[in-house]
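Residue strings, one per chain:
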Amino acid sequence: MVIYINNITLSGTDNDSGIKGYGLKLEGNLVGFELINNGSITGTWTGSNGGGYGISNAGTITTLANDGSITGTSTGDNGYGSGIYNESGTIESLINNGSIIGIGTSRGGGHGIETGGRSDGIIYELVNNGSITGTGTGETSGIETGGKTGEVRELLNNGSIVGMGTGDSYGISDMGGRFLANKGVIYGKNSAIAGYITGKN
């Protein structure tokens, strides 16, 4: 087992290079890998039609625990920011006690956590005791699921999951019939939850 504890500020920007902006990029076989963030992780995209990601994951992670802040920001036209972008990876357990934020400005979307994207991404268990927020001028969501099998299998919310901005906004874009236990706040201008769920509120 490998445990990485971050107590500092990790930041990355694309600098108009055409490469996406990452605070931390993970990929490959990371079975047994645990990430604990007590600091700040920020990724920024400044170009057009791209993304800024606090954490981008295309690997397999046992545990990701956030007690600090994770932010993805896009400042370019038609871009998008995701705090955590689990494009094609697997996260067995994601525990958030801090803040996870996705910000999209200049006609951009923002997603606190995005899983799926262009490929399949799975989060087996997500426990939120903090805040997960997506904000911007495009479509926003606290949690966004996409791709063919992008999903969160089990979500336990004791904090806040919010999508807000000037465009369409959702607390959770689509639970896909998966389990949700909510003792906190889920909010979106269009809908708190798009799609059907099992579990209880």
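The rules behind these values
- For every chain, the first residue of the written sequence is number 1, and numbering continues from 1 onward in sequence order.
- Where totals are concerned, whole chains, interfaces and linings use all residues; where local detail is concerned, this predicted model gives features only for residues with pLDDT of at least 70, and gives and counts side-chain atom pairs only at 80 or more.
- Think of the side-chain values as coming from all heavy atoms in the structure, minus any hydrogens and water.
- When DSSP locates at least two bridges between a pair of strands, those strands are taken to pair.
- Secondary structure elements are taken from DSSP: a helix is a run of H or I of four residues or more, a strand is a run of E of two residues or more, and numbering for both begins at the N terminus.
- To get an axis, fit a line to the C-alpha atoms, keeping to the stretch in contact for a helix; angles then go from 0 to 180 degrees between the N-to-C directions.
- Any carboxyl oxygen of Asp or Glu within 4 Å of a side-chain nitrogen of Lys or Arg constitutes a salt bridge here.
- Relative accessibility thresholds used throughout: buried, under 20% of the residue-type maximum; exposed, over 50%; partly exposed, between the two (1.4 Å probe, protein chains only).
- Here, the term nonpolar core denotes a set of buried Ala, Val, Leu, Ile, Met, Phe, Trp, Tyr and Cys residues that are joined through side-chain atoms within 4.5 Å.
- Whenever two N or O atoms come within 3.5 Å, that pair is a polar contact, provided that in protein one can donate a hydrogen and the other can accept it, and provided that, for residues adjacent in sequence, both atoms are side-chain atoms.
- It only takes one pair of heavy atoms within 4.5 Å for two residues to be counted as in contact.

A. Local environment of the sheet that holds strand β5 (residues 40-45). Within the open sheet, the seven strands sit side by side as β2-β5-β7-β10-β13-β16-β19. Their pairing is parallel. Edge positions in the sheet fall to β2 (9-13) and β19 (185-188), since each of these pairs with one other strand and no more. Direction aside, neighbouring strands of the sheet carry axes that sit 10° apart on average. Pairing between strand β7 (residues 69-74) and strand β10 (residues 99-104): six bridges, direction parallel. In the strand pairing of β10, G72 is matched with G102.

B. Layout of the pattern of salt bridges. One pass over the full model with this rule turns up two salt bridges. Among the ionic pairs, R153 bridges to E151, the shortest N-O distance being 2.8 Å. On the basis of relative accessible area, R153 is assigned to the partly exposed category, the value being 30%. A salt bridge links R178 to E151, with the nearest nitrogen and oxygen atoms 2.7 Å apart.

C. Here's a closer look at the nonpolar core. Among the nonpolar cores identified, the biggest contains 25 residues, and I55, L94, I113 and I143 are the most heavily contacted of them. Going through the elements one at a time, β3 (21-28), β4 (33-37), β6 (51-66), β9 (90-96), β12 (122-128) and β15 (151-157) are the ones with two or more residues in this core. For this core, the element with the highest residue contribution is β6, accounting for three residues.

D. Broad picture of the side chain of S141. Examined against the element boundaries, S141 turns out to sit in strand β14 (residues 140-145). Polar side-chain contacts of S141 include one of 2.7 Å to the side chain of H111. Each residue touching S141, except ones within four places of it in the same chain, is listed here: G110, H111, G112, T133, G134, V162, G163, Y170 and G171.

Take it as geometry only, folks, not as evidence of what the structure does.
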